[in-house]
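Understanding the architecture of this molecule
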Amino acid sequence: MRYLEAVTQVPDWLAALGILVPALTAVGGYLLAGLNEDARDRRAASREAAARQASLVERHDERMHEFQRELLLELQVVLQRQVRATARILLQDQKTLREQGKLAHLPAEINQDSYDTGVELARLTVRVLDDDLRHQLEGWHTFTSGLDVLVFDLNELTPAKAIELLSGYLGELSGRYLAVNETLGVLLRSELGRIPDLPTG
């Protein structure tokens, strides 16, 4: 009888363990689930932050391209105005040399138009992102600005020689304009044909 009592009697610590183990397992499972949920939340927050950043970059990129597109269109117009204004000055100087034998002050409206287009072109040039086009425009501006003050050099020459020199400048003006306009056109066609990046899931 004592033997049976010894076998069937469960020690207190074992009975307590039987109660504690399920409780501890439940608590551990709860804590593990919480940790997994926190990790999922952090991953989701990280993905959302990355998506927001990508969206900001995409919007900035699109605004930059739109700005450059409008700038190039405006440059095309101003460049055409300036080549006409500069050619008008050179042709007027040739006419004056043929008629009077020396250069005189240009009519005010011709001078003002040349000055205004030069200022406008310089303002737009500094906003161009493409290095090649910006350098070409800077060279163009230097060339056309130099033509505006030719009167002092040309008056030292014979009328025939001065007219010949002006014809050479007209040819150079045309060549430089075509080169700059071609570069501008390539960039403009690229911007106009650009398809914005589609969002990826």
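Structure: see above.
The following paragraphs examine the structure supplied in this document. (Residues numbered from 1 in each chain as written. Predicted model: local features only at pLDDT ≥ 70, side-chain atom pairs only at ≥ 80, totals over all residues. Heavy atoms only, no water.)

1. A closer look at the side chain of Asp93
Looking at where Asp93 falls in the secondary structure, it is placed in helix α2 (residues 12–100). There is no salt bridge for the buried Asp93, and the closest opposite charge comes from Arg98, which lies 11 Å off by N-O distance. Discounting residues that sit within four places of it in the chain, Asp93 has contacts with Leu103, Leu106 and Leu166. (Helix = DSSP H or I, 4+ residues; strand = E, 2+ residues; numbered from the N terminus. Buried < 20%, exposed > 50% of the residue type's maximum accessible area, 1.4 Å probe, protein only. Lys, Arg positive; Asp, Glu negative; His and termini not counted. Salt bridge = Lys/Arg side-chain N within 4 Å of Asp/Glu carboxyl O. Contact = heavy atoms within 4.5 Å.)

2. Structural notes on the pattern of salt bridges
Side chains that carry opposite charge are capable of pairing whenever their charged atoms lie near each other. Applying the stated criterion across every chain, the model contains seven salt bridges. Two residues, Arg81 and Glu120, come together in a salt bridge whose shortest N-O distance is 3.0 Å. Residue Arg81 is found in helix α2, and its partner Glu120 is found in helix α3 (residues 108–125); the two are separated by 39 residues along the sequence. Judged by relative accessible area, Arg81 falls into the partly exposed class, the value being 29%. Measuring nitrogen to oxygen at the nearest pair gives 2.6 Å for the salt bridge that ties Asp131 to Arg134. A residue pair is termed a helical-turn pair when its members lie 3 or 4 positions apart in one helix, as Asp131 and Arg134 do in helix α4 (residues 131–147) at three residues. On the basis of relative accessibility, which here comes to 43%, the residue Asp131 falls in the partly exposed class. A relative accessible area of 18% means that Arg134 is categorised as buried. Linked by salt bridges that have partners in common, Glu74, Arg81, Glu120 and Arg123 make up one network.

3. Side note on the nonpolar core
Residues Leu75, Leu79, Leu137 and Trp140 are the most contacted members of the largest nonpolar core, which totals 29 residues. Contributing elements (two or more residues each) for this core: α2, α3, α4 and α6 (159–192). (Core = buried A, V, L, I, M, F, W, Y, C linked by side-chain atoms within 4.5 Å.)

4. Some words on α3
The end-to-end C-alpha separation of α3 is 26 Å, in line with the 26 Å expected for 18 residues at 1.5 Å each. Along α3, the positions that sit buried rather than exposed are Ile110, Ser114, Thr117, Gly118, Leu121, Leu124 and Thr125. Projected down its long axis, α3 carries its buried residues within an arc of 135°, all on one side. Those residues of α3 that are exposed and aimed more than 90 degrees away from the buried face are Ala108 and Tyr115. (Expected span 1.5 Å × (residues − 1). Arc of directions from axis to C-beta.)

5. Observations concerning the packing of aromatic side chains
Within the structure shown, the criterion is met by one aromatic pair. Over the ring of Phe143 we find Arg176, and its NZ or CZ is 4.5 Å from the ring centre. (Phe/Tyr/Trp six-rings, centres within 6.5 Å; stacked < 30°, edge-to-face > 60°. Lys NZ or Arg CZ within 6 Å of the ring centre and 35° of its normal.)

6. Let's talk about a nonpolar patch on the surface
There is a patch of nonpolar side chains on the surface, built from Val27, Tyr30 and Leu31 and spanning about 350 Å² of accessible area. The topology assignment puts Val27 in helix α2. (Patch = residues over 30% accessible without salt bridge, like charges linked within 9 Å, V, L, I, M, F, W, Y side chains within 5 Å. Areas by Shrake-Rupley, 256 points an atom, 1.4 Å probe, with all protein chains shown as cover.)

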